[in-house]
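# Coordinate analysis (summary)
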Amino acid sequence: TEKHVLKDVWTLEQAQINSFDPLDAYHAYHIQLIKQLFNTLTDLDSVGKIIPSLATSWKTNNGKDWFFYLRNDIRFMHDTCFSSETERQFNAYDVKYTFERLLNINSGSMGISYFTNIEGFEEYRNGNAQIIEGIKVIEPYAVEFHLVNMDYNFPNLLSLPYTSIVKEKAIKFYDVKRQPVGSVPFKLGEYKANQSVSLLKNEDYWEKANDLQLPQIDKVEIAITTDNNYSFLSFQNQKINFLELNLPLLNQLKNTKLSFDYQKDVFETAKLNFYLFNLGKIKDPETRKGINYAIDRKKIQELLGEQGIITRSLYPKMFDELAASQDILTHKPEKAKELLKTLKEINLVAFDDILSRSIANQIAIDLKEYGINVSIDAVPFPVLVDRLTSGKYDIIQIYWGMLYADVNHFLTPFKTASFPPAGNNFNKYSNADFDKLTIEAMKQPKEEQVKLFMEAENIILNDMPFLLLYYSNTIRASDKKYEMPVNPLVYKFYKNAVPVK
């Protein structure tokens, strides 16, 4: 009997979820679904910190050789692909197989680029080796990774959806794109392409929280849509329990009297919203600093309301002491006046949604105070991408959200090694000292990394290749029937959802 059925709606720009294979994880909501259907060796808690999952613990003496100790009480869900209980048992060979599948010559996964540091990757990926030299099964519940270069943040990578642990038996029995088999809190129920997904409680799931067996929910029903009105009406008519609020939905909620009592929660995220400078056109870093000083961030915050928090630091709040406020990210009219004497006009390219237009207009108003004429092109996403990749802009809106909790990953769009097509450093900012510090930080234990990352921040803020604006918030309305956490990477925790008594 279904006692607790949680209902949610995902309002996507494009309602496309066409595979349940972890290797195919692509956009944010696709990753959300993979996270419900598979486990990884490590995971994230509600504040974005790395915690054990299928691995119980790990250690390294040098940042290169990593030993992971695994749970010995995990079974993959009951399924006809397994002929015995033994075949369901999770072990170190599943870890080895998962990475061989991810990194082999036939894999086209976007996750490959994160694991090029594993010893023997090159030979295996090219088809010149049958095994990955740097992944060894030590015993049935222990596995060893050997890295080419030191990386004290390596466990963070193992929370990526691409590394979701799979069973070879299940992969060969089914088309995993349609039939996922995991060691999971939920198993796939019914799927209607681009319409809905249902998740059913796995009765013998292994995880507990506060001495309670997870999940506490018997079923999750997810409606998939691109229509804001459909999402809002579903909440208004109490057909869903949760509704994430973008600006149109937030305005609808403010202007509609509901027949029931609801709760609104605001969660700060690590999604950075900013503008990139075209470094070939606005070449002088002092001019770029002047534009930064000219922007009145208090007015930007007024436009944002609950939708975001203006930047006081390059780093998001989840990175603790690294998120200390920086004086350079401050409105200083006199400093701006001094640095903007020669700039007369600038072309600004923004997304065409209401909030992006409003912020672009405020930037234009602020810069007009210094005699700068700003022309604004507010364009749809595909057009903006074309402008970005072709360099047809002076300053262009962009955002960056992390896939896993790691400072180095957060800095990826600003590294020389991330020039397209190898990465997403679209304005091709390059500073050898910045690159060196980020590489060196990976080689240091966690407690020694802070100083190096702060030095890297000082360098990039002195070069100012961007105009930092704000970190997005996730705003969620709830009918108060369930409590459910959200972490700074905006992963939903259906497994931790608890019915309100």
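Above: the structure in question.
All of the points below concern the structure found in this document.

## Quick notes on the pattern of salt bridges
Between side chains of opposite charge, a pair can form as their charged atoms come close. As enumerated under the stated definition, the model contains 26 salt bridges in all. K281 is the salt-bridge partner of D394, the closest N and O atoms lying 3.9 Å from each other. With D394 in the loop between α13 (381-390) and β18 (395-400) and K281 in the loop between β14 (263-277) and α9 (285-294), the pair connects residues that are 113 residues apart, well separated along the chain. Looking at D394, the relative accessible area reads 15%, which means it is buried.

## Describing empty space enclosed by the protein
Taken as a whole and assessed by the stated rule, the structure comprises two cavities of 30 Å³ or more. If you trace the largest cavity, you find 18 residues lining it, with K35, Q36, D43, F493 and K495 closest to the centre. Those elements that provide at least two residues to the lining of the largest cavity are α1 (28-37) and β2 (42-44). The leading source of residues in the lining of the largest cavity is α1, at three residues. Here the residues of the lining of the largest cavity are counted per class, giving eight nonpolar, six polar and four charged. Estimated volume of the second largest cavity: approximately 40 Å³. Forming the walls of the second largest cavity are F38, V166, K167, A170, I171, Y174, V176, Q179 and V181. The residue inventory of the lining of the second largest cavity, partitioned by class, reads seven nonpolar, one polar and one charged.

## Some remarks on the layout of surface pockets
There is about 400 Å³ of room inside the second largest pocket. Lining the second largest pocket are 20 residues, with K49, N156, F319, V407 and K446 positioned closest to its centre. Residue assignment for the lining of the second largest pocket shows that the elements contributing at least two residues are α5 (154-157) and α16 (446-463). A per-element tally of the lining of the second largest pocket places α16 first, with four residues. When its residues are assigned to classes, the lining of the second largest pocket shows 11 nonpolar, four polar and five charged.

## Some remarks on helix α7 (residues 228-236)
Here α7 has its buried residues at S231, F232, S234 and F235. Taken down its axis, α7 places every buried residue within 155° of arc, on the same side. Where the residues of α7 are buried, they touch β1 (5-11), β12 (219-225), β13 (242-244), α8 (247-254) and β19 (466-478). Between the side-chain oxygen at the start of α7 and the backbone nitrogen of N229 there is a gap of 2.8 Å, and the oxygen is on D227.

## Remarks on the packing of aromatic side chains
Tallied over the entire structure, the rule returns 23 aromatic pairs. Ring geometry for W58 versus F68: centroids 5.8 Å apart, planes at 35°, classification tilted. In this pair, W58 sits in strand β4 (residues 55-60) while F68 sits in strand β5 (residues 65-70), placing the two residues 10 residues apart along the sequence. Given a relative accessible area of 1%, F68 falls into the buried group. Centroid distance Y429 to F434: 6.2 Å. Interplanar angle 70°. Geometry classified as edge-to-face. Each member of the pair, Y429 as well as F434, is classed as buried. Following the ring pairs from residue to residue traces out a cluster consisting of W58, W66, F68, F99, F115, F145 and F154.

## Let's talk about the pairing of β19
Most of β19 sits inside the fold, with 13 of its 13 residues counted as buried. Pairing of β13 with β19, which is carried by three bridges, proceeds in the antiparallel orientation. For L243, the partnering residue across the bridge sits in β19 and is A477. Relative to β19, strand β15 (residues 308-310) runs antiparallel, the two being bridged by three bridges. Counterpart to I310 in the pairing with β19 is Y470.

## Details of the side chain of H30
Along the chain, H30 falls in helix α1. A distance of 3.3 Å separates the side chain of H30 from the backbone oxygen of D24, its partner in a polar contact. Excluding its chain neighbours within four sequence positions, the residues that come into contact with H30 are I17, S19, D24 and A25.

## With respect to the sheet that holds β12
Strand order in the open sheet made by the four strands is β1-β12-β9-β8, with mixed pairing throughout. Of all the strands in the sheet, the pair left with one neighbour each is β1 and β8 (186-192). In this sheet, adjacent strand axes meet at a mean angle of 20° when their direction is disregarded. The sheet contact formed by β1 and β12 spans seven bridges and is parallel. Across the sheet, residue L6 finds its bridge partner in β12, namely V220.

## Regarding helix α10 (residues 297-304)
The complete set of buried residues in α10 reads R297, I300 and L304. Down the axis, α10 shows its buried residues gathered within 50° of arc, on one side only. Facing away from the buried side of α10 by more than 90 degrees, the exposed set consists of K298 and E302. Those residues of α10 that are buried are in contact with α9, β15, α12 (354-368) and β19. Two to three positions downstream of the cap, the backbone nitrogen of K298 sits 3.1 Å from a side-chain oxygen, assigning the N-cap of α10 to D296. In the stretch just after α10, G305 is the one whose phi turns positive, near 60°.

Conventions we followed
Residues numbered from 1 in each chain as written. Predicted model: local features only at pLDDT ≥ 70, side-chain atom pairs only at ≥ 80, totals over all residues. Heavy atoms only, no water. Salt bridge = Lys/Arg side-chain N within 4 Å of Asp/Glu carboxyl O. Helix = DSSP H or I, 4+ residues; strand = E, 2+ residues; numbered from the N terminus. Buried < 20%, exposed > 50% of the residue type's maximum accessible area, 1.4 Å probe, protein only. 1 Å grid on protein atoms, 1.4 Å probe; cavity = no way out; pocket = protein on both sides within 12 Å on 5 of 7 lines; lining within 4 Å. Points joined across faces, edges and corners; volume = space filled by probe spheres on them. Nonpolar A, V, L, I, M, F, W, Y, C, P; charged D, E, K, R; others polar. Arc of directions from axis to C-beta. Contact = heavy atoms within 4.5 Å. Polar contact = N/O pair within 3.5 Å; in protein donor to acceptor, adjacent residues only side chain to side chain. Phe/Tyr/Trp six-rings, centres within 6.5 Å; stacked < 30°, edge-to-face > 60°. Pairing = 2+ DSSP bridges. Axes fitted to C-alpha atoms, helices over the stretch in contact; angles between N-to-C directions.

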